[in-house]
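# Overview (structure and organization)
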Amino acid sequence: MVSFLERIGNGEVLLGDGALGTMLIRRGLNAGECPDIWNIERPELLEEIASLYLDAGSDIISTNTFGGHPLKLEQYSFRDRIEEINSAGVKAIKNTVKGKAYLAVSCGPCGKLIKPYGDTDPEDISEGYIKQLGALVGEGVDIIYIETMIDLAEALLGVKAAKSIAPEIPVCATMTFDFTPRGFFTVMGNSIEQAAKELEEAGADVVGSNCGNGIENMVKIAEEFKKHSRLPVLIQSNAGLPIVKDDILEYPETPEFMAERVKTMLDLGINIIGGCCGTTPQHIASFRKTIDNY
Amino acid sequence: MELLDQLKDSLQKGESEQVARFTKQGLSEKIDVRTILDDGLIAGMSIVGAKFKDHEIFLPDVLLAAKAMYVGMDIIKPLMIKEGIPTLGKVVIGTVHGDLHDIGKNLVGIMLKGAGFEIIDLGRDVPAEKFIEAAVESDADVIGMSALLTTTMPVMKKVIGLAKEKGIYDKVKIVVGGAPLSNEYAEQIGAHAYCYDGVNAVDRVKEFVKA
């Protein structure tokens, strides 16, 4: 298989996968349950979801390890099972994905705020990423996602941890931005320009954004990333903010609606496009069509 | 610069040591405790809230300012109790059962405390019964619930149902907030108000204690 970065370098646009969390909820994941433990308890569901995204045309499939940072797993009293839960995330989908798509390991925020405004030492967050990533990359993976970051300081710790233990694996670092009248900022006040610059300096191979509040804002975020970074850009939008109807969640943005905006992102030269919360294999299939017909 | 301005200024910058220094200095200069609270700490925090609302400053600045505010409040608290200065009201807050996210809830707590309310913070992953028990026990005016996960939002409905069952729904006002929430959802589940951010929460809760 030609390497991930090589294909991007050749001008190819790669397609990521869609949501995992909301897919698991549809399959019975309960409120308050740790999604990552399903790597061990329900691996067949992760295999099924991976297959659905492969059939939809994804070039990259990601693991169910978003909440696998030790400080996060500790909150669910899984302190002693960090390696087990994370490596099971790769094992669950490895055979399904191998040879068909790149396997990306997902690392989300640790759920703690860094000192001095928070109460957690940066060293503890770093060590946590090293521990999580150690278990993940030990299983043989193609890409590392440091994703849904709202604090650039934490994102940088994640990127550096990845580069310290597996410098050969490409790292995609993506953050979540909110729209304000003064432009796009993360909750912690990081701008896109600042994120693009500092993530690159920390060693990220790809930068960008995921989650957010709808693909229309995401197109604007994509444009700004292109303006401020020379690195390839990855964009994975959610399907808008959910609406609750009779206790059932519905994400408002349809595959067609989103695919139309994916086209705009192709115009902007975005290199990797996928989905986040609320996107489904149907969304990914329609992104595939848009990319192939472009 | 006048002492209270210095206090407000250092609070906004999140300089805890300076806030402690100016608060103590105020007390030794026989400035009324109430004045230090209202025109120093609360006034400073209110500016922080307004700037945060306008996106001039962000969460880290607010958290640092809050830490400084707490330092000042701890110094004057014994005197407030001694002089019998009442708080604006009591608010029980928490993130609902199943939800471990507490950044938003903490921010609301900071803003309410900074506005002069007494906060009973139940933390996160709070069982429905706990909200009701705490509200009854403390004779709270308001219950504030937070949820970040779309999967935990329905727990709020359960708490409201329980409040009705226990007969406190008409006495204690229930406010809700969190990223996936909306006015419509709050109405649907019978909450008395939806608060879209910490500053808004202060406004809404103030309406309830006045009424």
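Residues numbered from 1 in each chain as written. Chains lettered and ligands numbered in written order. Predicted model: local features only at pLDDT ≥ 70, side-chain atom pairs only at ≥ 80, totals over all residues.

### Here we look at the overall build of chain A
Stated precisely, the cut-off is as follows: Only DSSP runs of H or I with at least four residues qualify as helices, and only runs of E with at least two residues qualify as strands; both kinds are numbered from the N terminus onward. When we talk radius of gyration, it's over C-alpha atoms, and the globule rule is simply 2.2 Å times the number of residues to the 0.38. Backbone-placed C-beta atoms define the burial measure: a residue is buried with 20 or more other C-beta atoms within 10 Å of its own, exposed with 12 or fewer, and partly exposed in between.
Across its full length, chain A holds twelve helices and twelve strands. Over its C-alpha trace chain A gives a radius of gyration of 17 Å, about what one expects of a compact globule, namely 19 Å for 294 residues. By its C-alpha atoms, chain A is 50 × 45 × 40 Å across when sized along the principal axes. Counting the 294 residues in chain A, one finds 54% classified as buried.

### Some points on the sheet that holds strand 8 (residues 206–211) of chain A
Residue and element names in this part refer to chain A. Short version of the rule: Only when DSSP finds a minimum of two bridges between them are two strands counted as paired. Contact between two residues is assigned whenever their backbone-derived C-beta positions fall within 7 Å. Each axis is a line fitted through C-alpha atoms, taken for helices only over the stretch in contact, and angles between the N-to-C directions span 0 to 180 degrees.
What the eight strands build is an open sheet, ordered 1-12-9-8-5-4-3-2; its pairing is parallel. Looking at which strands have only one partner, the edges of the open sheet turn out to be strand 1 (14–15) and strand 2 (60–62). For strand 4 (residues 143–149) and strand 5 (residues 171–175), the ladder comprises four bridges, and the chain directions are parallel. Opposite Ile146, over in strand 5, you have Ala173 as the bridge partner. The strands that helix 6 (residues 82–97) touches are strand 2 and strand 3 (102–107); relative to strand 3, the one it contacts most, it runs at about 160 degrees.

### Focus on the nonpolar core
Selection criterion: In this usage, the nonpolar core is the set of buried Ala, Val, Leu, Ile, Met, Phe, Trp, Tyr and Cys residues whose C-beta atoms join them within 7 Å. Domain boundaries shown here were taken from an automatic or database domain assignment.
Within the largest apolar cluster, 159 residues are counted, with the highest numbers of intra-cluster contacts made by Ile143(A), Ile144(A), Ile146(A), Val159(A), Val62(B), Met156(B) and Ala191(B). Element by element, the count of residues in this core is highest for helix 4 (residues 59–83) of chain B, at ten residues. Among the domains, domain 1 (3–83) and domain 2 (90–210) of chain B are the pair contributing at least three residues each to this core. With residues near it in sequence (within four places) discarded, Ile146(A) still touches Cys107(A), Ala155(A), Gly158(A), Val159(A), Ala162(A), Val171(A) and Ala173(A).

### Overview of the domain arrangement of chain B
Residue and element names in this part refer to chain B. Looking at chain B, the domain boundaries give domain 1 (3–83) and domain 2 (90–210). Taking only C-alpha atoms, the centre of domain 1 and the centre of domain 2 are 25 Å apart. Taken together, the seven residues of domain 1 in the interface contact nine residues of domain 2. Among the elements of the structure, helix 3 (33–53) and helix 4 are those that each provide at least two residues to the side of domain 1 that touches domain 2.

### Here's the deal with the environment of Ile168(B)
All names here are of chain B. By the secondary structure assignment, Ile168 is in the loop between helix 7 (154–165) and strand 4 (173–177). When the C-alpha atoms of Ile168 and Val136 are compared, they prove to be 8.0 Å apart, with 32 residues separating the residues in sequence. Not counting residues within four places of it along the chain, the set of residues in contact with Ile168 comprises Ile132, Ala135, Val136 and Ala163.

### Quick notes on the environment of Leu20(A)
All names here are of chain A. Relative to the helices and strands, Leu20 resides in the loop between strand 1 and helix 2 (21–26). Given 24 C-beta atoms within 10 Å, Leu20 falls into the buried group. Taking C-alpha positions, Leu20 is 10 Å from Tyr53, a pair spaced 33 residues apart along the chain.

### Structural notes on the interface of chain A and chain B
The extent of an interface is frequently quoted as the accessible surface area lost upon association of the parts. The condition is simple: Polarity classes work like this: nonpolar for Ala, Val, Leu, Ile, Met, Phe, Trp, Tyr, Cys and Pro, charged for Asp, Glu, Lys and Arg, and polar for all others, with Gly in that last group.
The interface is formed by 19 residues belonging to chain A together with 20 residues belonging to chain B. For the side of chain A that touches chain B, the class distribution of residues is twelve nonpolar, five polar and two charged.

### Some points on the sheet that holds strand 2 (residues 118–121) of chain B
Residues and elements named next belong to chain B. The strand order 2-1-3-4-5 describes an open sheet built from five strands, whose pairing is parallel. The open sheet is flanked by strand 2 and strand 5 (193–194), the only strands paired with a single partner. Examined bridge by bridge, strand 3 (residues 142–146) and strand 4 share five bridges and lie parallel to one another. Counterpart to Ser146 in the pairing with strand 4 is Gly177. Each of strand 1 (90–95), strand 2, strand 3 and strand 4 is contacted by helix 5 (residues 103–114), which is oriented at about 165 degrees to strand 1, the strand it contacts most. Packed on one face of the sheet, helix 9 (residues 198–210) meets strand 1, strand 3, strand 4 and strand 5 and runs near 170 degrees to strand 4.

### Brief notes about helix 9 of chain B
Residue and element names in this part refer to chain B. Applied cut-off: For a helix, the expected span equals 1.5 Å multiplied by the number of residues minus one. Each C-beta atom gives one direction from the helix axis, and the arc is the one those directions make.
Taking 1.5 Å of rise per residue, 13 residues should cover 18 Å, and helix 9 covers 18 Å from first to last C-alpha, within 8% of that figure. Within the sequence span of helix 9, burial applies to Gly198, Val199, Ala201, Val202 and Val205. Projected down its long axis, helix 9 shows its buried positions confined to an angular sector of 150 degrees, all on one face. Of the exposed residues in helix 9, those oriented more than 90 degrees away from the buried face are Glu207 and Lys210. Lining the buried residues of helix 9 we find helix 3, strand 1, helix 5, strand 3 and strand 4.

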